[in-house]
Amino acid sequence: MKRIAVLTSGGDAPGMNAAVRAVVRKAIYEGMEVFGINYGYAGMVAGDIFPLTGRDVGDKISRGGTFLYSARFPEFAEVEGQLAGIEQLKKHGIEGVVVVGGDGSYHGAMRLTEHGFPAVGVPGTIDNDIVGTDYTIGFDTAVTTALDAIDKIRDTSSSHKRTFIVEVMGRSAGDIALWAGIGAGADEILIPEHDFDVNELVASIKHGYKNGKNHNIIVLAEGVMSGSELAKKVKAAGDDSDLRVSTLGHIQRGGTPTARDRVLASWMGARAVELLKAGRGGLAVGIHNEKLVESPILGSAEEGALFSLDNGKIIVNNPHKANLDLFKL
Ligand code: ATP
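First, a word on scope: everything that follows refers to the structure included in this document. (Residues numbered from 1 in each chain as written. Predicted model: local features only at pLDDT ≥ 70, side-chain atom pairs only at ≥ 80, totals over all residues. Heavy atoms only, no water.)

**With respect to the packing of aromatic side chains**
1) Next: For the coordinates displayed, the defined rule picks out five aromatic pairs.
2) Next: Measuring from ring centre to ring centre gives 4.7 Å for Y39 and Y69, while their planes differ by 10°; the resulting arrangement is stacked. Note that Y39 is positioned in the loop between β2 (33–37) and α2 (40–46) and Y69 in the loop between β3 (49–52) and α3 (79–91), a separation of 30 residues in sequence.
3) Next: Since its relative accessible area comes to 36%, Y39 is described here as partly exposed. (Phe/Tyr/Trp six-rings, centres within 6.5 Å; stacked < 30°, edge-to-face > 60°. Helix = DSSP H or I, 4+ residues; strand = E, 2+ residues; numbered from the N terminus. Buried < 20%, exposed > 50% of the residue type's maximum accessible area, 1.4 Å probe, protein only.)

See below:
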């Protein structure tokens, strides 16, 4: 393969730039040419495609967001959109694509591969909800940001003896809540993967104050319900504390990527190029037990898939989820 392209798609995540940088630099090192595609699949179909040099990705590794921009483009789920994208790629002499994004973006990469156009996925999303990798690029930064915010909320919570519901992102996955909640020493962590009982929650809040606590921090994953919804339920169940809701929102998506995300992005971007160079498409790069792995993007993207395959070995997604019970602190 002589010429490849790279795009970022879906929700942005800190570390996407580091991944693009790695793709560009590794491809050039391997004697290939690289093109950038702006605005994900929307830019592919619109022909917003341009050559990238090693210099173009200088000063990018530390920047949050994505300098290639991202977009939601539902038209790419239709075959006409996919063929229009491929026509543009062919026009530019591009033979393979690296797609940095979440599971929706993986579906697009899968469709390209099915049309005979090799595409490789690199998991870029803060949600850590992609099968075939223990961690996604951006997750560590999002957790660090949420943790920092919860630490600050704890200060004010203690000063006023308040209960705080802190709603964090993660879509239908509880990983950000779990990690930020454990790291911040939250009193309760509510995640979609586990049911909770609102009466038990209220009892726990009351018990805490009775035992001399100055605050109560409840970390809530957005996939359970919104902070305001939970506040209503908690009040209806008899909570009499001074209750506040804080929704962290998009601050979790921005900011300078952590060392972990930069390194992960660099490893994964480089591996994606190696796969394309070997003519292998339809794969997603991941990390499992601290080793780089690849698995079929079909398994990774399939809605509700519980596992994917790596050289015939089954990879269970996010093995730390299996240890949730350990975290009942
Ligand atoms: P995040 O999880 O961070 O939001 P994502 O990649 O899952 O990222 P989506 O909005 O679901 O985000 O998908 C990104 C883009 O991928 C879509 O806008 C669309 O262009 C493409 N895409 C999504 N689903 C499909 C599909 N079934 N077939 C082809 N392309 C798709």
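**Overview of the sheet that holds strand β9 (residues 242–247)**
1) Next: With parallel pairing, four strands are arranged side by side in an open sheet as β7-β8-β6-β9. If you trace the sheet from one side to the other, it starts and ends with β7 (188–190) and β9, each paired once. Between one strand axis and the next, the sheet turns by 20° as a mean value, whatever way the strands run.
2) Next: By the bridge criterion, three bridges tie β7 to strand β8 (residues 216–221) in an arrangement that is parallel. Note on β8: the bridge partner recorded for I189 is V219.
3) Next: Along the sheet, helix α7 (residues 198–210) makes contact with β6 (162–168), β7 and β8, crossing β8 at roughly 155°.
4) Next: Packing against the sheet, helix α8 (residues 227–236) makes contact with β6, β7, β8 and β9, and its axis sits at approximately 165° to β9. (Pairing = 2+ DSSP bridges. Axes fitted to C-alpha atoms, helices over the stretch in contact; angles between N-to-C directions. Contact = heavy atoms within 4.5 Å.)

**What about the packing of α7 against α8?**
1) Next: Where α7 contacts α8, the axes come no closer than 9 Å and their chain directions differ by 75°. Between α7 and α8, the angle falls in the class roughly perpendicular. Of α8, the residues touching α7 (which contributes V198, L201, V202 and I205) are L230, K233 and V234.
2) Next: Residues belonging to the contact of α7 with α8 are distributed by class as follows: six nonpolar, no polar and one charged. (Parallel < 35°, antiparallel > 145°, perpendicular 65-115°, else oblique. Nonpolar A, V, L, I, M, F, W, Y, C, P; charged D, E, K, R; others polar.)

**Quick word on the site of the ligand**
1) Next: Around the ligand, a shell composed of 18 residues is seen, among which R72, F73, G104, S105 and R171 lie nearest.
2) Next: One of the side-chain N or O atoms of R72 is found 2.6 Å from an oxygen atom in the ligand.
3) Next: The contact in question runs from an oxygen atom of the ligand to an N or O atom on the side chain of D103, over 3.0 Å.
4) Next: The greatest single-element share of the shell around the ligand, amounting to six residues, is contributed by helix α4 (residues 103–114).
5) Next: Residues that form the shell around the ligand fall into these classes: four nonpolar, nine polar and five charged. (Near = heavy atom within 4 Å. Polar contact = N/O pair within 3.5 Å; in protein donor to acceptor, adjacent residues only side chain to side chain.)

Note that all results are geometric; they support no functional claim without further evidence.
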